[in-house]
Amino acid sequence: MRLIFLGPPSSGKGTQAQKLVQDLNIVQLSTGDMLRAAVAAGTKVGLQAKAAMESGKLVADELIVGIIRDRIKEDDCKAGYLLDGFPRTVVQAEKLDEMLKQRNETIDYVVSLIVKDEVLIQRAVGRRVHMPSGRTYHIEFNPPKVPGKDDVTGEDLIHRKDDTEETVRERLNAYHNQTAPLIDYYKDTGKLRTVDGIGDIDSIYSNIKAAVS
Ligand code: AP5
Ligand code: MG
């Protein structure tokens, strides 16, 4: 199974992806998580991505395409993967099509999560993340058992630098201008499944499961 999760910032891609990859026994490839790890480690990729990420803009297509091209060649991707946050521009989608063609692979479904902008800002500003695992909480809607601590490891949660209202508005602009056109791009393939991203996390998950089976 190869899947794409398409959705605006804070629509729940990461939250739902973590559940689905466990159920389907495939890997989650979150380009946001990969870039944040690269920034934290101070790698060349991290240095190139940092400024764009912190200001809420997309990083360069070539950079992100290179990361995915290398990552999907790894052994753990053989059983399938869920692309969380990639592609995010038409150029990235075209490059992905080329890569898949060369590998004789196809995408099974593209899940598009729909959430209104006002809700997205509230979700982002209250989000807390456990960096090593990518586990995500919300101070109000999905709180950890102990405030500020990861449920599994007890380690500290962080507030992402790009989760301020101002930067989320920038990220929303990037989404509407550069990523939303992908909905039409994938509509033509017959693989697009649209899911309402508002409601409780488990009901949304049931709808996603039904959409991809
Ligand atoms: P990335 O990390 O992918 O950020 P994003 O797309 O803005 O998405 P988020 O991770 O913010 O949200 P999400 O949809 O995963 O929601 P989550 O489940 O966490 O990318 C960051 C940056 O990296 C980009 O801005 C860009 O610079 C760069 N980048 C990454 N990929 C790129 C690419 N392909 N090309 C170019 N640049 C790229 O949920 C959000 C919050 O809501 C949480 O607090 C959660 O607990 C809560 N929540 C979830 N579901 C619900 C619900 N049903 N009800 C109430 N609350 C909920
Ligand atoms: Mg995410």
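Residues numbered from 1 in each chain as written. Chains lettered and ligands numbered in written order. Predicted model: local features only at pLDDT ≥ 70, side-chain atom pairs only at ≥ 80, totals over all residues. Heavy atoms only, no water.

Engineer: Could you give an account of the site of ligand 1, with specific residues and numbers?
Structural biologist: Thr 15, Lys 57, Arg 88, Arg 127 and Arg 171 are the nearest of the 34 residues found near ligand 1. At 2.5 Å, a side-chain N or O of Thr 15 approaches an oxygen atom of ligand 1. Calculation on ligand 1 without its partners gives an accessible area of 1,000 Å², and the protein chains cover 96% of this total. Elements represented by at least two residues in the shell around ligand 1 include exactly helix H1 (13-24), helix H2 (31-41), strand E6 (135-138) and helix H9 (201-211). (Near = heavy atom within 4 Å. Polar contact = N/O pair within 3.5 Å; in protein donor to acceptor, adjacent residues only side chain to side chain. Areas by Shrake-Rupley, 256 points an atom, 1.4 Å probe, with all protein chains shown as cover. Helix = DSSP H or I, 4+ residues; strand = E, 2+ residues; numbered from the N terminus.)

Engineer: Give me the sheet that holds strand E7 (residues 192-196): which residues, what numbers.
Structural biologist: Taken together, 5 strands build an open sheet; the order of strands is E2-E3-E1-E4-E7 and the sheet is parallel. The outermost strands of the open sheet, each flanked by one partner alone, are strand E2 (27-30) and E7. Sheet twist, expressed as the average angle between the axes of neighbouring strands with direction ignored, equals 20°. Here strand E1 (residues 2-6) runs beside strand E3 (residues 81-84); their pairing, made up of 4 bridges, is parallel. Counted as the bridge partner of Arg 2 is Tyr 81 from E3. (Pairing = 2+ DSSP bridges. Axes fitted to C-alpha atoms, helices over the stretch in contact; angles between N-to-C directions.)

Engineer: Describe unusual backbone geometry, listing the residues and the values that go with them.
Structural biologist: Keep in mind that most residues, glycine aside, have a negative phi and that most peptide bonds are trans. At the junction of Phe 86 and Pro 87, the peptide bond is cis and its omega measures out at -5° in the coordinates. Following the sequence through the fold, Pro 87 ends up in the loop between E3 and helix H5 (90-102). Of note in the backbone geometry, Ser 10 takes a positive phi value of approximately 70° without being a glycine. Among the structural elements, Ser 10 can be located in the loop between E1 and H1. Unusually for a residue other than glycine, Asn 25 sits at a positive phi of about 60°. Its place among the elements puts Asn 25 in the loop between H1 and E2.

Engineer: Run through the packing of H2 against helix H4 (residues 61-71), naming residues and quoting values.
Structural biologist: When two helices pack together, their arrangement is given by the angle between the helix axes and the distance between those axes. One way to put it is that H2 packs onto H4 with a least axis distance of 11 Å and a crossing angle of 105°. By the criterion of interaxial angle, the relationship of H2 to H4 is roughly perpendicular. Contacts from Thr 31, Met 34 and Leu 35 in H2 reach Ile 64, Ile 67, Ile 68 and Arg 71 in H4. (Parallel < 35°, antiparallel > 145°, perpendicular 65-115°, else oblique. Contact = heavy atoms within 4.5 Å.)

Engineer: Pulling in residues and values, what's your account of the pattern of salt bridges?
Structural biologist: Under the defined criterion, the tally for this structure stands at 19 salt bridges. In this structure, Asp 163 and Arg 171 form a salt bridge, with 3.0 Å as the shortest nitrogen-oxygen distance. The exposure class assigned to Arg 171 is buried, which follows from its relative accessible area of 12%. Note that Arg 169 is salt-bridged to Glu 165, the shortest N-O span being 2.7 Å. Highlighted residues: Arg 169 and Glu 165, both in helix H7 (residues 165-179), separated by 4 residues, approximately one helical turn. Taking relative accessible area as the criterion, Arg 169 reaches 45% and is therefore assigned partly exposed. Through salt bridges with shared partners, one network takes in Arg 127, Arg 160, Asp 162, Asp 163 and Arg 171. (Salt bridge = Lys/Arg side-chain N within 4 Å of Asp/Glu carboxyl O. Buried < 20%, exposed > 50% of the residue type's maximum accessible area, 1.4 Å probe, protein only.)

Engineer: An account of the packing of aromatic side chains is requested, with residue identities and associated values reported.
Structural biologist: Two numbers describe a pair of aromatic rings. These are the distance of the centres and the angle of the planes. For the coordinates displayed, the defined rule picks out 1 aromatic pair. Residues Tyr 185 and Tyr 186 carry aromatic rings whose centres are separated by 5.0 Å and whose planes lie at 80° to one another, so their mutual orientation is edge-to-face. Judged by relative accessible area, which is 23%, Tyr 185 ranks as partly exposed. (Phe/Tyr/Trp six-rings, centres within 6.5 Å; stacked < 30°, edge-to-face > 60°.)

Engineer: A description of helix H6 (residues 117-125) should follow, citing residues and the corresponding values.
Structural biologist: Listing the buried residues of H6 in full gives Leu 120, Ile 121, Arg 123 and Ala 124. Down the axis of H6, the smallest arc covering the buried residues is 165°, so these residues share one side. Its buried side turned inward, H6 meets strand E5 (127-130), E6 and H7. (Arc of directions from axis to C-beta.)

So, to be careful, I would describe these as geometric facts and stop short of saying anything about function.
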